[in-house]
Amino acid sequence: MTGWTTTPPHTAGPGRESAGVRLHRMIKAYAGAHRCELAAGGLTLAARLIDINAASSRIRLDAPPADHGLRLDQSALFHARLRASGRLLDALPCRVAWLMGHEAGLEFDFHLGLGITDLQRALDSVRAA
């Protein structure tokens with residue numbers, strides 16, 4: 001299931017997205033085990049970043065689905081704790097785009113303005129540290 005970020009494969013159907021949107025969602029930086037947090041509904045939820053691009057990310061929450069209390073379209077702040085191209089990516093306003101078990105897709109409220117190379121370099125430098 002690594003080919004999607006904001007739309008799980010069972011909900012994406014032919015004709016629902018343009019080829020450009022599909023390509024944009026497929027090109028992403030992969031994080032591995034980078035620790036992050038999601039602040040939503042008065043809770044701060046520990047998670048691991050799975051992947052990220054300039055418009056969205058996918059995370060795996062540490063809490064079981066019944067305990068994390070997230071809901072679709074909920075507003076949140078994503079604490080990525082990454083430094084990319086001299087910018088700190090933290091407290092990013094977003095919304096919960098989808099939920100599947102422990103995983104959640106987040107769509108950022110604004111485009112990060114960073115390329116995949118910048119994001120992957122930031123993730124690789126965190127892993128190397």
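In this report, the structure presented in the accompanying data block is examined. (Residues numbered from 1 in each chain as written. Predicted model: local features only at pLDDT ≥ 70, side-chain atom pairs only at ≥ 80, totals over all residues. Heavy atoms only, no water.)

## Quick word on the pairing of strand 8 (residues 103-108)
On a regular strand, each side chain points to the face opposite its neighbour's, so the side chains alternate between the two faces of the sheet.
Okay, so step 1: Counted residue by residue, strand 8 has five buried out of six residues, so it is predominantly covered.
Okay, so step 2: Inspection of the sheet shows strand 3 (residues 56-61) paired to strand 8 by five bridges, in the antiparallel sense. By the bridge assignment, S56 is partnered in strand 8 with E107.
Okay, so step 3: Summarising the sheet, strand 7 (residues 92-100) and strand 8 pair through six bridges and their orientation is antiparallel. Of the residues in strand 8, the one forming a bridge with V96 is L106. (Buried < 20%, exposed > 50% of the residue type's maximum accessible area, 1.4 Å probe, protein only. Helix = DSSP H or I, 4+ residues; strand = E, 2+ residues; numbered from the N terminus. Pairing = 2+ DSSP bridges.)

## Digging into the pattern of salt bridges
Okay, so step 1: Enumeration according to the criterion identifies seven salt bridges in this entry.
Okay, so step 2: For E37, the salt bridge is made with R81, and the minimal N-O distance between the two is 2.9 Å. Of this pair, E37 sits in strand 1 (residues 29-40) while R81 sits in the loop between strand 4 (75-79) and strand 5 (82-84), placing them 44 residues apart in sequence.
Okay, so step 3: Taking the relative accessible area as the measure of exposure, E37 reaches 25% and is therefore partly exposed.
Okay, so step 4: Residue R81 is classed as partly exposed on the basis of its relative accessible area of 41%.
Okay, so step 5: Its salt-bridge partner being R95, residue E107 comes within 2.9 Å of it at the nearest N-O pair. (Salt bridge = Lys/Arg side-chain N within 4 Å of Asp/Glu carboxyl O.)

## Topic: the nonpolar core
Okay, so step 1: Residues L49, I52, I59, F78 and L89 are the most contacted members of the largest nonpolar core, which totals 30 residues.
Okay, so step 2: When contributions to this core are tallied by element, the ones reaching two or more residues are strand 1, strand 2 (43-52), strand 3, strand 4, strand 5, strand 7, strand 8 and helix 3 (116-128).
Okay, so step 3: Sort the elements by how many residues they give to this core and strand 1 lands first, with five residues.
Okay, so step 4: Not counting the four nearest positions on each side in its chain, L89 is found in contact with A80, R81, L82, A84, L112, L114 and L119. (Core = buried A, V, L, I, M, F, W, Y, C linked by side-chain atoms within 4.5 Å. Contact = heavy atoms within 4.5 Å.)

## Thoughts on the pairing of strand 4
Okay, so step 1: Across three bridges, strand 1 lies against strand 4 in antiparallel orientation. Each bridged residue has a counterpart across the sheet, and for E37 the counterpart in strand 4 is H79.
Okay, so step 2: Two elements, strand 4 and strand 7, share four bridges in a ladder whose sense is antiparallel. Bridging across to strand 7, F78 finds its partner in L92.

## Re the sheet that holds strand 4
Okay, so step 1: The antiparallel closed barrel is built from six strands, whose spatial order is 1-2-3-8-7-4. Adjacent strand axes in the sheet meet at a mean angle of 45°, parallel and antiparallel pairs treated alike. (Axes fitted to C-alpha atoms, helices over the stretch in contact; angles between N-to-C directions.)

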